[in-house]
Amino acid sequence: MNPGLYPNSERILAAAALLEEGRLVAFPTETVYGLGADAENPDAVRAIFAAKGRPANHPLIVHVARNADLQHWAREIPTQAQQLIDAFWPGPLTLIFSRASHVPAVVAGGQNSVGLRCPSHPVAQALLAAFKHGHGGIAGPSANRFGHVSPTTAQHVIDEFGMPGVNSESPLACVIDGGQSEVGIESTIIDLSRLSTHGTVLLRPGRISPVQIAEVLGDMPATPDRAAPRVSGSLDAHYTPDTPVALVTTEQLPALMQRLSVHGRRCALMYYTQGAMNSEAAVRLLLSADPQAYAHALYATLRMLDMKACELILVEQPPQDEGWQGVNDRLRRAAFDSAGVLERLL
Ligand code: TXA
Ligand code: MG
């Protein structure tokens, strides 16, 4: 952790005061770092969209304190929502509700729903408890520029936006350092705003799996249809480093790497099958074969490999099991143009 940013109670109170003034504060959560603003201050929320370069019709998640009054945000709290809250909050689960009419539409990207999440990270909890005495909501998308890899450390946030107070162009008033995010990929999102017509719908996979949801609700959530609310992480190209990424099966990798080497291509390799890769890659990084440990390291590893001046980041395709669903979703989007990339380099 950066000692200059280390959160003590004074710093957290100061950060909460900045939020109350309408400023932007980056804060740690257990999934990824968030770019926070007062969810009920439309100008502050607009500043988030401007800082990220995010289209105004992509809704933001509102973070709430433990035991927050959810009726303040949502028109109704269905039984299923309460069951999921009891099972998983605070934690990496976002729930989409119909939005209460006084909640500014700008935070919801103009939709009549609102996404709520109660994060478990102790620093996020402390910030939410201090902000408006625990009665506010902090709008918080991941603290990266639109389409980029999400940040899992305070340094990643500074790499994206500059150091507040040092880089005059930084849109942030402060960055709170809470160490490396434990989960490493964004929260699971479940839509409960259209229960009577669509039931519960999984909008984004994450650490909390559909099977865990089904254990609580009795049924698996459905997968999204065309009418589902917009989720920016659901765009094809998302979570992308600047270096092109190609997703390749374990079997295809050796021959492909040899061809790339024959063409003189400088490649980075991110893999998990130990010993399988006696590789020609200029840079290689072995990740865990456990999906949760892999997710924890995923974004930091992609950011690191992105700085190695390679023409390509090759990623060994993880297994298709349910435990890997969140990781596979992020990798598929980071490598949205695998075929085109390989064609250009070979
Ligand atoms: O783990 C996370 O969820 C992190 C941390 C910071 O909490 N936040 C995050 O925010 O990933 P963001 O904005 O990068 O992704 C939030 C996703 C977006 O894809 C957005 O479209 C969706 O949640 N979302 C938010 N409100 C919504 C709503 N009312 N209806 C549908 N989707 C919504
Ligand atoms: Mg994001």
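Residues numbered from 1 in each chain as written. Chains lettered and ligands numbered in written order. Predicted model: local features only at pLDDT ≥ 70, side-chain atom pairs only at ≥ 80, totals over all residues. Heavy atoms only, no water.

**Focus: the pattern of salt bridges**
Phase 1 of the analysis: Applying the stated rule across the entire model yields 13 salt bridges.
Phase 2 of the analysis: For E30, the salt bridge goes to R117, with nearest N and O atoms at 2.8 Å. Highlighted residues: E30 in the loop between strand 1 (25-27) and strand 2 (34-38) and R117 in strand 5 (residues 113-117), separated in sequence by 87 residues. Accessibility classification places E30 together with R117 in one group, the buried group. (Salt bridge = Lys/Arg side-chain N within 4 Å of Asp/Glu carboxyl O. Helix = DSSP H or I, 4+ residues; strand = E, 2+ residues; numbered from the N terminus. Buried < 20%, exposed > 50% of the residue type's maximum accessible area, 1.4 Å probe, protein only.)

**Observations regarding the sheet that holds strand 6 (residues 137-139)**
Phase 1 of the analysis: Judged by pairing direction, the sheet is mixed, and its 9 strands sit side by side in the order 7-1-2-6-3-5-4-8-9 without closing on themselves. The open sheet has two free edges, formed respectively by strand 7 (174-175) and strand 9 (201-204), since each of these has just one partner strand.
Phase 2 of the analysis: Inspection of the sheet shows strand 2 paired to strand 6 by 2 bridges, in the antiparallel sense. Bridge assignment links A37 to a residue of strand 6, and that residue is A139. (Pairing = 2+ DSSP bridges.)

**Quick notes on unusual backbone geometry**
Most peptide bonds adopt trans geometry, and most residues besides glycine take a negative phi value.
Phase 1 of the analysis: Residues W89 and P90 are joined by a peptide bond in cis, for which omega reads -10°.
Phase 2 of the analysis: Locating P90 in the fold gives a position in the loop between helix 3 (79-88) and strand 4 (93-98).
Phase 3 of the analysis: Backbone geometry at K132 places phi at a positive 45°, although glycine is not the residue there.
Phase 4 of the analysis: Here K132 falls in the partly exposed class, since its relative accessible area comes to 27%.

**Notes on the packing of aromatic side chains**
Phase 1 of the analysis: Following the criterion strictly, the structure yields 3 aromatic pairs and no others.
Phase 2 of the analysis: Here the aromatic rings of Y239 and Y299 are separated by 6.0 Å at their centres, their planes lie at 20°, and the arrangement is stacked. With Y239 in the loop between helix 7 (210-217) and strand 10 (245-248) and Y299 in helix 9 (residues 291-306), the pair connects residues that are 60 residues apart, well separated along the chain.
Phase 3 of the analysis: By relative accessible area, which is 1% here, Y299 ends up buried.
Phase 4 of the analysis: Note on Y294 and W324: the rings are 5.1 Å apart at their centroids and 75° apart in plane angle, and the pair reads as edge-to-face. With Y294 in helix 9 and W324 in the loop between strand 13 (312-316) and helix 10 (325-334), the pair connects residues that are 30 residues apart, well separated along the chain.
Phase 5 of the analysis: Residue class for Y294 comes out buried when judged on its relative accessible area of 0%.
Phase 6 of the analysis: On the basis of relative accessibility, which here comes to 3%, the residue W324 falls in the buried class.
Phase 7 of the analysis: An aromatic cluster is built from Y272, Y294 and W324, whose rings are joined through pairwise contacts. (Phe/Tyr/Trp six-rings, centres within 6.5 Å; stacked < 30°, edge-to-face > 60°.)

**Observations regarding the domain arrangement of the protein**
Phase 1 of the analysis: The domain boundaries assigned to the protein delineate domain 1 (3-217) and domain 2 (245-345).
Phase 2 of the analysis: On a C-alpha basis, the centroid separation for the pair domain 1 and domain 2 is 30 Å.
Phase 3 of the analysis: The interface of domain 1 with domain 2 comprises 24 residues on the first partner and 13 residues on the second.
Phase 4 of the analysis: Between domain 1 and domain 2 lies a buried interface of about 1,500 Å² when both sides are counted; carbon and sulfur atoms form 53% of it.
Phase 5 of the analysis: Its largest share of buried area at the contact with domain 2, domain 1 owes to V149, I185 and P205, together 34% of the area lost on that side.
Phase 6 of the analysis: Put simply, domain 1 and domain 2 have 2 salt bridges between them. (Domains from an automatic or database assignment. Contact = heavy atoms within 4.5 Å. Buried area = accessible area lost by both parts, 1.4 Å probe.)

**Concerning the environment of A295**
Phase 1 of the analysis: Here A295 is to be found in helix 9.
Phase 2 of the analysis: For the pair A295 and T31, spaced 264 residues apart in the sequence, the C-alpha separation amounts to 9.7 Å.
Phase 3 of the analysis: If we skip the residues at most four places from it in the chain, A295 touches V183, G184, I185 and V327.

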